[in-house]
Amino acid sequence: MITFQKYVKAADLEEAYSLNQTRKNRIVGGMLWLRLGNSSYNTVIDISDLGLDRIEEDEEQFRIGAMVTLRELETHKGLNDYTGSAICHAVKDIIGVQFRNMATLGGSIWGRFGYSDVLTVFMSLDTYVELYKGGIVSLAKFVKMKRDNDILTHIIVKKKPLKCVYDAVRIQRTDFPVLTCAVSEMDGEVRTVIGARPAKARLYTDEKGLLKEGLTEESIRAYAKELSSKVPTGSNTRGSAAYRSRLVIVLAERNLKKLGGLE
Amino acid sequence: MEQKNYKAINKSVRKKDAMQLLLGKPVYTEDIAPKDALVVKLLRSSHANAIVNTIDTKVAKLVPGVVDVFTWEDVPNERYTTAGQTYPEASPYDRLIIDRHVRCVGDVVAIVAAESEKAANKALKTIKVNYEVLEPVLDFRTAKDNSILVHPEDNWVAPCEVGGTNKRNLVASENSEYGDVDKVLADCDIVLDRTYHTKAYNQAMMETFRTYTSYDRYGRLHVISSTQIVFHVRRILAHALGIPKNMIRVEKPRIGGGFGAKQTAVSEVYPAFVTMKTGRPAMLVFTREEAQIAGSPRHEMDVRVKLGANKDGKIRVLDLYTLSNSGAYGEHGPTTVGLSGHKSIPMYTGSLEAHRFNYDVVYTNTMAAGAYRGYGATQGIFALETTVNELAEMLNMDPTVIREKNMLKEGMLMPAYYNEIASACALDKCLAHCKEMFEWDKRYPVRDMGNGKVRAAGLGMAMQGSCISNLDVGSATVKLNDDGSYNLVIGAADMGTGCDTILAQMVAECMDCTVDDVTVFGADTDASPYDSGSYASSTTYITGKAVEKACEELKKKMSEVAAGLLDCSSDEIVFEGKTLRKINSGESVTVAEVGVKSQLNNDIITQASASHSSPVSPPPYMVGMVEIELDKMTGEVKVIDFMSVVDCGIPINPALARIQAEGGIVQGIGHTLFENITYNEMGRPVESSLMQYRIPTRLDMGNLKVEFEHSFEPTGPFGAKSIGEIVINTPAPAIAHAIYRATGVWHREIPITPEQIVMGKPDN
Amino acid sequence: MEITLTLNGKKIMDQIEPDLTLFDFLRDHNCYSVKCGCETTNCGLCTVFFDDTPVLSCSMLAARAAGHRITTLEGLQDEAKEFIGFIADQGADQCGFCNPGFVMNTIALLRENPDPTDDEIRQFLSGNLCRCSGYEGQLRGIRAFLESRRGK
């Protein structure tokens, strides 16, 4: 159980930010780590009253507040129309409805967790992270940044014409995934994201141009094989590196076939 | 078959506590304990094998809110067992309340009693322990005669001769043979020699172990605990604490599931000790982590099967050797292992010429095992049924056909089952019924679904017992009230299964009243008649029979009272449910009038108690068939349909029997596909939470269908046998079979994970 | 710290420790239907409504509930009674320890989707673990309730 002395519902982002500059203070999102940790803090900073719980959609983009829950992503018509339900597919097996009513997009992305379905699917889109002080950075860049004392306020998804497919392998349906895979096609570019390697998700593009003649059984097979040689995998209780490397090929092939309408 | 038109038996009535439970009323241990009870927390060892050199509790005792801290220096030095079993206690006396020598990760090193959980947790962090760390024995295959002894102590006691000795890490050992096994094996066309491995699955009942203790108004220790065994808990506490049994009262409120876990006194002794030392009410609630790493899980087993058969599929000889891992302590070690042979081999009585069953049960420095639904039979049946499936596949014979050739049938003498006769056995009908319901002939062939997915089917048979013959005692008291209603008082424990209700149905049937006319109370060592408790599938069969007997006795007493009112002899009274009539006359009195009379100038008590034990333990039988869809590329297995047919004799309450079956099947699916217990190299359990120990959700089980074949067990109440345990036994062999059909690989260890399926190679 | 919230329709004010969980707060306020089955957000036993949304009270701070409506099964007895009889008819209540969380989330499901399919029921309730019933009886019970309601 996490313990702390003080709880502050921040009145604005500036207050939240200044409180967060101390190492013993911490911002809370969905708070699902509350019973899992054993550390103690001075002040916990709640940003749930700052209007960060909205999904704004216009012609250009989705701007999703950090406190939007996974359940809201799962059931949001605009996002799922845009992604061909890939977002719904990516989050629907995360523990249960009650959990997804609490877990926030901001918390999921900020954590840059290895097992994250959410990170995987958003990395396959044209996604940006809006930081209170750091401004807007691409998700791909954000994932590589060190954790600091800034505040993630929004996730921005640009509405490029998109095709997107998501899949994951789980030993048990609502467990952490053994491997996640999202593929997308935007502006003629195919992106593959592999997560739960078990380290955090990585984005791969078709650098060698194996898919430039189009998505065919043959080109996909060659690409998936090549991809598997590039994706570093590791072992944990849910699977060995060797198994994960096999899954990279299987999921990439299957998702790309779906992307190319071959299934 | 004897079948009557019952009024209350074989009826799906609601559980008596259903609405209270569904409306969330405060009926469990933690709900009824007073808020000012001391919070008890346990400091647990992080080493698998170590001696506590020094333990410093000075700072902990100074934490505000901490009332006291106890260590090995404070507890009695008399060893005891926490296994909840009847006399003579089969499990060794190998525990102390706190032992200086810790023998597994999670062993208790200190007990903290505090005014609040926060204070108790804070105190735990400040206790300083200096350990002399010893090398542990973690692999149960190397435990026997290992130079490292889990229990080197001299005050280790085996109250029963079960072939064990602490000087060899041996909890128990036995050899038994019928016929000349080696000779028949030598004469067989085919001999399969296979070894199977099953894990120490956790029961994972939703309510973890918990106990509340206080001194009652007579200065006795009052224990309210989530337990299946109130009388055994009283005995265990008296032994462990060194106080007389009559100074202890144990009762159970509603219980949030048990499945055998609560057939061991896992949590009771610690708050009881705190109450004794401080005089204050105390409560211990296990965290889920504690329940996972210091509970009372299934015995991990290796079961080696040697099966000899002829080419025509006749199974002639079975030779089983089981190695069972009891973990750090011996609870239920000597007894669970027996079922791996005694409740698997008899299924092939139809053709067996000889059989042998040997076993060893060993200590290791891992979590102590205990009782879990199926109790050894589950492990043995997975091994034997998988071997029989392999034989069938090898002979290109339909696995249902090979069973028809060899299986046990009604009326047969079972040499592998204590020479009992299968007096009620519809196993053959279960198989035929399941085969038709499942459409076996259509689903058995493997079907390619495209995209790497195949559908395949598999099956398993099972048996269990209905009590522990010649040991278990069930009792019931039935009393008449002045409004004509009845009280049933029992010592058996309804842990959610609905035994309160089915026993009330039996009273209603006997007394020709409605189930609503019967209230049930139990279990409380001060008020209930003695009952071994709810385990070994025995409550319906044993306590049920006691209910029947008590009702007969009560009718006699009521007839005597009625005779007084009607001025005749009691032989002239006919009991007619609502009334008692004088034979050959229109004169009668109502049951309520008899009840009123019993409270007015009366010297005949309208209350009766009866006990019952049985010389036999009639097996229930079951056939389970599964269809899976297996993804050959990822190894994922999806259960499509699990169908089964059960012979539990006459089901007293078909709805509750069906739920028992469905619940057991889903637990079995979990064990087969993903539930697992593993240890790191230091001996620390890895699956220490429900985040890591995955139990099935409603997305993991496919569609279930359960039907019944009735047999009539002459020694059971209203023809009933048992249902509680057998239901967990068929998923493992059935699913392993289906996976073989889909992949050509036999997996002989469960769980069978997607990775093992993808990476698995066929053996020679 | 001091918080004010609406618990089962009643406004209450209380002094709490800042790190008190909503779960502990609720049991301190005699809402004993709220149960804990794990400490890792996996079991669903502690399900309550935050405003009208089902959440896990074990992982919610009581402090965050300030100014909100919290509802436990104690406050939804009548709505529960509409369908729990159908669960009881199946015997699917069993040990009962998971029942309050299951009943709460079923209420949430039926409010959001009054006529769910079997798959929608399974999906919505997948975060509610039950070790006794094997789930099938709970499904039959909900289905029987829906059928009876349609018949009316």
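The structure presented is a predicted model; accordingly, all values stated were derived computationally and were not measured.

S.K.: Lay out the overall build of chain C with the relevant residues and their values.
M.R.: Helices and strands together make up the secondary structure of chain C, namely six helices and five strands. The order of α-helices and β-strands along chain C, N terminus first, is β-β-α-β-β-β-α-α-α-α-α. Against the compact-globule benchmark of 15 Å for 152 residues, chain C has a radius of gyration of 16 Å, which places it among compact chains. Here the C-alpha coordinates of chain C stretch approximately 50 × 30 × 25 Å along the principal axes. In chain C, buried positions account for 62% of the 152 residues. Considering only intrachain contacts with a sequence separation of at least 6, the fraction spanning at least 24 residues in chain C is 62%.

S.K.: Lay out the overall build of chain A in plain terms, naming residues and giving numbers.
M.R.: Secondary structure summary: chain A contains ten helices and twelve strands in total. C-alpha extents for chain A along the principal axes are approximately 60 × 45 × 30 Å. For chain A, the residues scored as buried account for 50% of the 263 residues in total. Of the contacts formed within chain A by residues at least 6 apart in sequence, a portion of 61% connects residues at least 24 apart.

S.K.: Let's hear about the pairing of strand β10 (residues 221-225) of chain B: which residues, and what values?
M.R.: All names here are of chain B. Of all five residues making up β10, five are buried, and the element is well covered by its neighbours. Every second residue of β10 is oriented toward a common face, with L221, V223 and S225 on one face and H222 and I224 on the other, all of them buried. Examined bridge by bridge, strand β9 (residues 210-215) and β10 share five bridges and lie antiparallel to one another. In the sheet register, T213 faces β10, and the bridge partner there is V223.

S.K.: So, the nonpolar core: which residues are in play, and what are the values?
M.R.: Within the largest apolar cluster, 384 residues are counted, with the highest numbers of intra-cluster contacts made by B:I111, B:V112, B:L488, B:L503 and B:V507. Excluding residues that lie within four positions of it along the chain, B:L488 makes contacts with B:A476, B:V478, B:L503, B:A504, B:V507, B:V518, B:V520 and B:V547.

S.K.: Residues and numbers for the sheet that holds strand β4 (residues 101-102) of chain B, please.
M.R.: Residue and element names in this part refer to chain B. Strand order across the open sheet formed by three strands is β4-β2-β6, with antiparallel pairing between neighbours. Looking at strand neighbours, the two that pair on one side only are β4 and β6 (128-133), the edges of this open sheet. Across two bridges, the pairing between strand β2 (residues 50-56) and β4 is antiparallel. Bridge pairing in β4 links I51 to H101.

S.K.: Report on the sheet that holds strand β20 (residues 474-480) of chain B, specifying residues and quantitative values.
M.R.: Residues and elements named next belong to chain B. Read from one edge of the open sheet, four strands run β22-β21-β20-β26, paired in mixed fashion. Here the strands that pair on one side only, and so sit at the sheet edges, are β22 (518-521) and β26 (607-612). The sheet shows a mean angle of 20° between the axes of neighbouring strands, taken without regard to direction.

S.K.: I'd like a rundown of the interface of chain B and chain A, residues and numbers included.
M.R.: Interface extent is often summarised as the accessible area lost during association of the parts. If you look at the interface, chain B gives 15 residues, while chain A gives 14 residues. Tallied by class, residues from the side of chain B that touches chain A come to seven nonpolar, four polar and four charged.

S.K.: Residue-level account of unusual backbone geometry, with values.
M.R.: Residues and elements named next belong to chain B. Of note, the bond from Y87 into P88 is cis; its omega dihedral lies within 30 degrees of zero at -10°. A cis amide bond links G522 to the next residue, A523, at an omega of 0°. Here N169, not a glycine, exhibits a phi torsion of approximately 55°, which is positive. At D567, a residue that is not glycine, the phi angle is positive and equals roughly 60°. Position of D567 among the secondary structure elements: in the loop between α15 (539-566) and β23 (573-575). The class for D567 is exposed, based on 9 C-beta atoms found within 10 Å.

S.K.: So what about the environment of B:A550? Which residues, and what values?
M.R.: Residues and elements named next belong to chain B. With respect to the helices and strands, the residue A550 is situated in helix α15. In sequence terms A550 and V574 are 24 residues apart; their C-alpha atoms lie 18 Å from each other. Once residues within four sequence positions are removed from consideration, A550 is found in contact with A476, T477, V478, A608, S609 and A610.

S.K.: Now, about the confidence of the model for chain C: what can you tell me, with residues and values included?
M.R.: In low-pLDDT regions, the fine details of the predicted coordinates are not to be read closely. Scored by pLDDT, chain C has a mean of 97; 100% of the residues are at 70 or more. For this predicted complex, the interface score ipTM comes out at 0.98, while the overall pTM is 0.98.

S.K.: An account of helix α18 (residues 731-743) of chain B is requested, with residue identities and associated values reported.
M.R.: A rise of 1.5 Å per residue sets the reference length of α18(B), with its 13 residues, at 18 Å; its end C-alpha atoms lie 18 Å apart and thus fit the reference within 8%. Within α18(B), 13 of the 13 residues are buried, which leaves the element mostly enclosed by the surrounding structure.

S.K.: Break down the domain arrangement of chain C for me, with residues and values.
M.R.: Residues and elements named next belong to chain C. When cut into domains, chain C gives domain 1 (2-75) and domain 2 (77-151). Taking only C-alpha atoms into account, the centre of domain 1 sits 22 Å from that of domain 2. With 14 residues of domain 1 at the contact, the number on the domain 2 side is twelve residues. A breakdown of the residues in the side of domain 1 that touches domain 2 according to their chemical character gives eight nonpolar, five polar and one charged.

S.K.: So what's going on with the packing of helix α10 (residues 377-394) of chain B against α18(B)? Which residues, and what values?
M.R.: Any two packed helices are characterised by the angle at which their axes cross and by the distance between the axes. Residue and element names in this part refer to chain B. Put simply, α10 and α18 touch, their axes get as near as 8 Å, and they point 35° apart. Judged by the sense of rotation from one axis to the other, the crossing of α10 with α18 is right-handed. For the pair α10 and α18, contact is made by I381, F382, E385, T386, N389 and E393 and by A732, P733, A736, H737 and Y740, respectively. In terms of residue class, the contact of α10 with α18 is built from six nonpolar, three polar and two charged.

S.K.: Explain the interface of chain C and chain B to me, using residue names and the numbers behind them.
M.R.: Facing 40 residues of chain C, the contacting portion of chain B comprises 42 residues. Of all the secondary-structure elements, those providing two or more residues to the side of chain C that touches chain B are α2 (77-81), α3 (84-90), α4 (99-112) and α6 (136-151) of chain C. Per element, the largest residue contribution to the side of chain C that touches chain B is five residues, and it comes from α3(C). Grouping the amino acids of the side of chain C that touches chain B by side-chain chemistry returns 19 nonpolar, 14 polar and seven charged.

About the criteria used
Position numbers for residues start from 1 in each chain and track the written sequence from start to end. Chains and ligands are labelled sequentially in the order written, the chains with letters from A and the ligands with numbers from 1. For a predicted model such as this one, the threshold for reporting local features is a pLDDT of at least 70, and the threshold for listing and counting side-chain atom pairs is 80 or more; totals across whole chains, interfaces and linings nevertheless cover every residue. Elements are defined by DSSP. Helices are runs of H or I of four residues or more, strands are runs of E of two residues or more, and each kind is numbered from the N terminus. When we talk radius of gyration, it's over C-alpha atoms, and the globule rule is simply 2.2 Å times the number of residues to the 0.38. Each residue is classed by its C-beta neighbour count within 10 Å, where at least 20 other C-beta atoms makes it buried, 12 or fewer makes it exposed, and intermediate counts make it partly exposed; the C-beta atoms are placed from backbone geometry. Contacts are defined on C-beta atoms placed from the backbone: any two residues whose C-beta positions lie within 7 Å are in contact. The pairing criterion is simple: DSSP has to find at least two bridges between the two strands. In plain words, the nonpolar core is the set of buried Ala, Val, Leu, Ile, Met, Phe, Trp, Tyr and Cys residues that C-beta atoms within 7 Å link up. Only the stretch in contact is used when fitting a helix axis, every axis being a line fitted to C-alpha atoms; angles between N-to-C directions are given from 0 to 180 degrees. Think of it as three bins: nonpolar holds Ala, Val, Leu, Ile, Met, Phe, Trp, Tyr, Cys and Pro, charged holds Asp, Glu, Lys and Arg, and polar takes everything else, Gly as well. For every residue, the predictor assigns a confidence score, pLDDT, that lies between 0 and 100. A helix is expected to reach a length of 1.5 Å times the quantity of its residues less one. For the purposes of this description, domain bounds are those given by an automatic or database domain assignment. Whether a crossing is left-handed or right-handed is set by the direction in which the near helix is turned from the far one by less than a right angle, anticlockwise for left-handed and clockwise for right-handed.

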